[in-house]
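# Coordinate inspection notes
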Amino acid sequence: MMAQLLNSIGAMIVCSMCSVRFNGKGKDVPIAGIIGFCAAFMMGFFTGLYLRAFVSGLTYSILSEIFSRITKRPVAVYLPAVLVPFVPGKLTFYMMGEFVHGDRVAAMDRLAEIMGVCGMIALAILLTETAIKFWQTRIRKIPEEESNW
């Protein structure tokens, strides 16, 4: 549990710094840190690589939507700043090393792993965005349907 908390604090710092890098202003920087902390903390409860990627993607896409509504800012202020630290850079580094050393089979295997992780992150963001758009259109259509009666 202590290691999970330390990893989450590290993710909070990295997400805050990425927010600064992406020109986050004022309260956007600590909010990105909070989102990163929550995503890393939730990710710590799971062991599978793809499940961890999906849970972290789901957590930070939902929290980015919530905080964007609260602060009346676009989701693009928070989502890229939090997304960057969770992309599998370590796996990419290992894959490039395997290519350089001539182990093409291991490199292609690592590439498939990277694509799976990125796909799970993209799927989580897609599901969140689709659910929110569906919910928004459903909420807007309910008063129109009642007025037709």
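Notes on the structure in this doc start here.

Thresholds applied
Residues numbered from 1 in each chain as written. Predicted model: local features only at pLDDT ≥ 70, side-chain atom pairs only at ≥ 80, totals over all residues. Heavy atoms only, no water. Helix = DSSP H or I, 4+ residues; strand = E, 2+ residues; numbered from the N terminus. Buried < 20%, exposed > 50% of the residue type's maximum accessible area, 1.4 Å probe, protein only. Contact = heavy atoms within 4.5 Å. Areas by Shrake-Rupley, 256 points an atom, 1.4 Å probe, with all protein chains shown as cover. Lys, Arg positive; Asp, Glu negative; His and termini not counted. Charge placed at Lys NZ, Arg CZ, Asp CG, Glu CD. Axes fitted to C-alpha atoms, helices over the stretch in contact; angles between N-to-C directions. Parallel < 35°, antiparallel > 145°, perpendicular 65-115°, else oblique. Left-handed = near helix turned anticlockwise from the far one by under 90°. Salt bridge = Lys/Arg side-chain N within 4 Å of Asp/Glu carboxyl O. Nonpolar A, V, L, I, M, F, W, Y, C, P; charged D, E, K, R; others polar.

The next subject is the overall build of the protein. Helix and strand counts for the protein stand at six helices and zero strands. Each principal axis of the C-alpha distribution contributes one length, and for the protein these read about 70 × 35 × 30 Å. Each of the 149 residues in the protein was classed as buried or not, and the buried ones make up 34%. Partitioning the contacts of the protein with sequence separation of at least 6, the portion at a separation of at least 24 is 64%. A total accessible area of about 9,300 Å² is found for the protein, and carbon and sulfur atoms account for 71% of it. Charged side chains in the protein number 14 positive and 10 negative. The centres of these two groups are separated by 8 Å.

Right, let's get into the packing of helix 2 (residues 28-43) against helix 4 (residues 79-86). The description of two helices packed together rests on the angle between their axes and the distance between the axes. As a packed pair, helix 2 and helix 4 sit with axes 9 Å apart at the nearest point and diverge in direction by 40°. The orientation of helix 2 with respect to helix 4, classified from their angle, is oblique. Like other packed secondary-structure pairs, helix 2 and helix 4 cross with a definite hand, here right-handed. Contact residues: Ala32, Ile35, Gly36, Ala39, Ala40 and Met43 in helix 2; Ala81, Val82 and Phe86 in helix 4.

Moving on, we come to the pattern of salt bridges. All told, the structure shown has three salt bridges when counted by the stated rule. Residues Arg73 and Asp28 are paired through a salt bridge, measuring 2.7 Å at the closest nitrogen-oxygen approach. Taken as a pair, Arg73 in the loop between helix 3 (49-71) and helix 4 and Asp28 in helix 2 lie far apart in primary sequence, 45 residues in all. Here Arg73 falls in the partly exposed class, since its relative accessible area comes to 34%. In this structure Asp28 comes out as buried when scored by relative accessible area, which is 2%. Of the charged contacts, one joins Glu98 and Arg110 as a salt bridge, the two residues approaching to 2.9 Å between their closest N and O atoms. Of this pair, Glu98 sits in helix 5 (residues 89-100) while Arg110 sits in helix 6 (residues 104-147), and the two are twelve residues apart along the sequence. Relative accessible area serves as the criterion here: at 14%, Glu98 is assigned to the buried category.

Packing of helix 1 (residues 2-21) against helix 4 leaves a shortest axis separation of 8 Å and a crossing angle of 130°. Compared by their axis directions, helix 1 and helix 4 come out oblique. Both helix 1 and helix 4 take part in a crossing whose hand is right-handed. In this structure, helix 1 contributes Ala11, Val14, Cys15, Cys18 and Ser19 to the contact, and helix 4 contributes Ala81, Val82, Val84, Pro85 and Phe86. Partitioned by chemical class, the residues of the contact of helix 1 with helix 4 number nine nonpolar, one polar and no charged.

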